[in-house]
Amino acid sequence: MTENTVSLAGSSAFPADIPSEASADGKRILIATPRGYCAGVDRAVDTVEKALELYGAPVYVRKEIVHNKFVVETLTKRGAIFVSETDEVPEGARVVFSAHGVSPAVHEEAQRRNLLTIDATCPLVTKVHKQAVRFANDDYDILLIGHDGHEEVEGTQGEAPSHIQVVNGPEDVDGIEVRDPDRVVWISQTTLSVDETMATVERLRAKFPNLIDPPSDDICYATQNRQGAVKKMAPESDVVIVVGSANSSNSVRLVEVALEAGAGSAQRVDKADELRQEWFEGATTIGVTSGASVPEILVREVVDWLKARGFTAVEPVSTVTEDVHFSLPKNLRGDLKATGVEVDRPHKVRDRKAGVSNARSTHRIGEANES
């Protein structure tokens, strides 16, 4: 099949095993499981592909549907048009909102311009938006732990801008002022690590002893799980390769986690042609993983590159498994059903056939994220 017909959706976090061959000099690859697509990314990519198939090109997408260069480039070739702001979409056209979510103001502008919207916001992000609205309605000061300027943070802050302050990290805490220190709650960007979030929460709690926690974990299960797998393999790895784009928060963080957990070195690449021979001089064990917005094809290309240089033995490093699946956006599902198209996504069936036992991680915020 050609690049224009192969689906990017369905890149499970538990892909088929990678073939392994004995290495005479002991060179090996440790391959992290889980890795790659989370359920929210898979849903978002599938949404754009299904929209292109159903409605035809062009389909506009506000911001990058997910933070992965290859995915955006591939969908562009198929007829998706990525724009920075909603006012770049022709009036009355169809637009998909990215997995990172948008503010109410964006929805309102789209309605004013008669745009046909498909909201591919990750349901875990939507949950945080709802928390923000509820706390704002109860007149709390809300401290949003996240990276200022990140699309997810902008969308969440837009739900209640007069109540929400962004806290980039522990270094921001001293400068925070609130109306009533006894009515303060924290929420977080979903793609942060447990470690960095809790470091900030601890500083906040020292300043605001009655700080209220959100009702459930805001850290994305996929972020925790991918970091847990990296922590497990890093101490044995001379080099860890993280496949993911520079604007992917969780991919960048995986490099830092690998180094903190004891890897000899760690590098992030978008794809195999960015690998450098000098990184692997003297190395015998290479760890490989990928961020939550990375299709498996890019990981396989990295593995093939390493195999061609003698790293032929492949050993999986498995931690938790995942049982998370998100349905397509409601209006897209309705239009697909109206045309007789099967809306159950085929990779879900493939996972069942592969015998995957997907149980959600039981890690809670504040617990060690190692298995």
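Residues numbered from 1 in each chain as written. Predicted model: local features only at pLDDT ≥ 70, side-chain atom pairs only at ≥ 80, totals over all residues. Heavy atoms only, no water.

Visitor: So what about the overall build of the protein chain? Which residues, and what values?
Guide: Within the protein chain, the secondary structure is distributed over eleven helices and twelve strands. Within the protein chain, the proportion of its 371 residues that are buried is 55%. In the protein chain, the proportion of contacts linking residues at least 24 apart, taken out of those at least 6 apart, comes to 76%. Surface summary for the protein chain: the accessible area is close to 15800 Å², and the carbon and sulfur share equals 48%. (Helix = DSSP H or I, 4+ residues; strand = E, 2+ residues; numbered from the N terminus. Buried < 20%, exposed > 50% of the residue type's maximum accessible area, 1.4 Å probe, protein only. Contact = heavy atoms within 4.5 Å. Areas by Shrake-Rupley, 256 points an atom, 1.4 Å probe, with all protein chains shown as cover.)

Visitor: Pulling in residues and values, what's your account of the UniProt feature "active site" (unreviewed entry) in the protein chain?
Guide: UniProt records the feature "active site" (unreviewed entry) for E152 in the present numbering. Among the residues examined, E152 registers a relative accessible area of 2% and is labelled buried. With sequence-adjacent residues up to four places away left out, E152 is seen in contact with H100, V125, S188, Q189, T190 and T191. (UniProt positions renumbered as here; feature names shortened; annotations may be inferred.)

Visitor: An account of unusual backbone geometry is requested, with residue identities and associated values reported.
Guide: A negative phi holds for most residues other than glycine; trans holds for most peptide bonds. Here the bond from T33 into P34 is cis, since omega is 5°, no more than 30 degrees from zero. Looking at where P34 falls in the secondary structure, it is placed in the loop between β1 (28-33) and α1 (39-55). In this model, A57 is joined to P58 through a cis peptide bond whose omega is 0°. Counting through the fold element by element, P58 comes out in the loop between α1 and β2 (59-62). If you check the backbone angles, K63 has positive phi at about 65° while not being a glycine. Of note, K63 is situated in the loop between β2 and α2 (69-77). Of note in the backbone geometry, D139 takes a positive phi value of approximately 65° without being a glycine.

Visitor: Help me get a handle on the sheet that holds strand β7 (residues 164-167), residues and values and all.
Guide: Here we have three strands laid out as an open sheet, ordered β7-β6-β8, and parallel in their pairing. Looking at the sheet topology across the chains shown, the edges are occupied by β7 and β8 (184-188). Across the sheet, the mean angle separating the axes of adjacent strands is 30° when strand polarity is ignored. Pairing of strand β6 (residues 141-145) with β8 involves five bridges; the strand directions are parallel. Across the sheet, I142 pairs through a bridge with V185, a residue of β8. Together, β6, β7 and β8 form the strand contacts of helix α4 (residues 123-137), whose direction differs from that of β8 by roughly 165°. Strands in contact with helix α6 (residues 194-207) are β6, β7 and β8; relative to β6, the strand with the most contacts, it is inclined by about 150°. (Pairing = 2+ DSSP bridges. Axes fitted to C-alpha atoms, helices over the stretch in contact; angles between N-to-C directions.)

Visitor: Break down the packing of α1 against helix α10 (residues 330-338) for me, citing the residues and quoting the values.
Guide: Where α1 contacts α10, the two axes come as close as 11 Å, and the packing angle between them is 40°. What the angle tells us is that α1 and α10 run oblique. Crossing of α1 over α10 shows left-handed handedness. For the pair formed by α1 and α10, the contact residues are T47, K50, A51, L54 and Y55 on the first element and L332, D335 and L336 on the second. Considered class by class, the residues forming the contact of α1 with α10 number five nonpolar, one polar and two charged. (Parallel < 35°, antiparallel > 145°, perpendicular 65-115°, else oblique. Left-handed = near helix turned anticlockwise from the far one by under 90°. Nonpolar A, V, L, I, M, F, W, Y, C, P; charged D, E, K, R; others polar.)

Visitor: Talk me through the sheet that holds β2; I want residue IDs and the actual numbers.
Guide: The sheet built from four strands is open, its strands ordered β3-β2-β4-β5 with parallel pairing. Sheet topology places β3 (80-83) and β5 (116-119) at the edges, where each strand pairs with a single neighbour. Across the sheet, the axes of successive neighbouring strands diverge by a mean angle of 30°, strand direction being ignored. The sheet contact formed by β2 and β3 spans four bridges and is parallel. Residue pairing across strands places V59 opposite A80, the latter belonging to β3. Contacts from α1 reach β2, β3, β4 (94-97) and β5, with the element oriented near 150° to β5.

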